[in-house]
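Structural overview
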Amino acid sequence: MSERFQSAISRYQALARGSVESINFNNTVYLSELDNGHRNYAIGYYLKSKGCLDGKVNLKETLELYFQMCSVETSVRTASIIAGALANGGRNVFTGEQVISERAVQNVLSIMFSCGMYDYSGEWAFEIGLPAKSGVSGLMILVIPDVMGVALWSPRLDTFGNSVRGVKFGRELVSRYSTQQKQNILHPFSNRRGGSSAMQNNNSFPPFPQKNAAGGVQAKPYSTAAYYRAVIQGLRSEEDRQSRDLVTNNVIDTSYVLIPFTI
């Protein structure tokens, strides 16, 4: 089990390479998960009773590994770099290393799209249409293939266990920008060979990273304030101003990484 956990952490670290913050393990959270993960135990044993698990699966070790993965912690900036790597087809946006295959990323994004937002996932897919994953810590990541990865943390949760302002941010994002997400889900990463932008809008994102003289990619996380200004500029009505205040005044931390369209 320790080898499996270390393998997963090593993959996270490779996806996030370029961040100054580390990826850590919170043992207190892990012990709490072990003591209180009753529903996970119940689901696991129910699947086993129905023959859904291979006979070689050690359910106890598998659940412990799951609880360990639930106890990984890092910064919002690092999470945005990981999200950026997923948007970049599994390639680290700083180092250019292909950490996971594009096929594996497609599978990950499909799962994020279909069930990444707990019981709100269906409505999220219908309304926002972006692969996303939320957690009960208030962290949420969004992936727009070929464009960017976003991470934000705002701990007030709704009844589904999703960040209230994270969901609000997703609505604001797609209301301001056309993501053409259906094409991206069916054919992710197709734009990197010279196709059109995966997002079209009347507003402009901050400049996309450019290749330096050595051919490497100059990527950088942009600040919260700059991005929110780009997303919600032009709001005029009192209702819109209230929505803007709801989003910007109470989000604790946000970061995002833009990726180049041509690799």
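First things first, this report covers the structure right here in the doc.

How each quantity is defined
- Residues numbered from 1 in each chain as written.
- Predicted model: local features only at pLDDT ≥ 70, side-chain atom pairs only at ≥ 80, totals over all residues.
- Heavy atoms only, no water.
- Buried < 20%, exposed > 50% of the residue type's maximum accessible area, 1.4 Å probe, protein only.
- Helix = DSSP H or I, 4+ residues; strand = E, 2+ residues; numbered from the N terminus.
- Pairing = 2+ DSSP bridges.
- Salt bridge = Lys/Arg side-chain N within 4 Å of Asp/Glu carboxyl O.
- Core = buried A, V, L, I, M, F, W, Y, C linked by side-chain atoms within 4.5 Å.
- Contact = heavy atoms within 4.5 Å.
- Polar contact = N/O pair within 3.5 Å; in protein donor to acceptor, adjacent residues only side chain to side chain.

**Thoughts on the pairing of strand E5 (residues 148-153)**
- Of all six residues in E5, five are buried; the element is thus mostly enclosed.
- In the sheet, strand E4 (residues 139-144) pairs with E5 via six bridges, with the strands oriented antiparallel. Note that in E5 the partner of Val143 across the bridge is Gly149.

**A look at the pattern of salt bridges**
- By the definition in use, this model includes four salt bridges.
- Notably, a salt bridge pairs Glu64 with Lys60, separated by 2.6 Å at the nearest N-O pair. Of this pair, Glu64 and Lys60 both sit in helix H4 (residues 59-69), four residues apart, which is roughly one turn of the helix.
- Residue Lys60 is classed as exposed on the basis of its relative accessible area of 54%.
- The shortest N-O distance in the salt bridge between Glu127 and Arg171 comes to 3.2 Å. A residue pair is termed long-range when its members are at least 10 positions apart, and Glu127 in helix H7 (residues 121-127) and Arg171 in helix H8 (residues 164-176) qualify at 44 residues.
- Relative accessible area serves as the criterion here: at 37%, Arg171 is assigned to the partly exposed category.

**Observations concerning the nonpolar core**
- Core analysis: the biggest nonpolar cluster contains 22 residues, and Leu15, Leu86, Ile100, Leu109, Met112, Ile141 and Val143 have the highest contact counts within it.
- Broken down by secondary-structure element, the contributors of at least two residues to this core are helix H1 (2-15), helix H5 (76-87), helix H6 (102-115) and E4.
- Looking at this core element by element, the count peaks at seven residues for H5.
- Aside from chain neighbours lying at most four places away, what touches Val143 is Ala83, Leu86, Ala87, Leu109, Met112, Leu130, Pro131 and Met148.
- Formed by 17 residues, the second largest nonpolar core is a distinct cluster that contains Ile128, Ala132, Val147 and Met148.

**Some thoughts on the side chain of Asn92**
- Take Asn92: it is sitting in the loop between H5 and H6.
- For Asn92, a relative accessible area of 1% translates into the label buried.
- Among the polar contacts made by the side chain of Asn92, one reaches the main-chain amide nitrogen of Thr95 at a distance of 2.8 Å.
- Discounting chain neighbours no more than four positions away, the residues touching Asn92 are Ala14, Leu15, Ala16, Arg17, Ala85, Glu97 and Val99.

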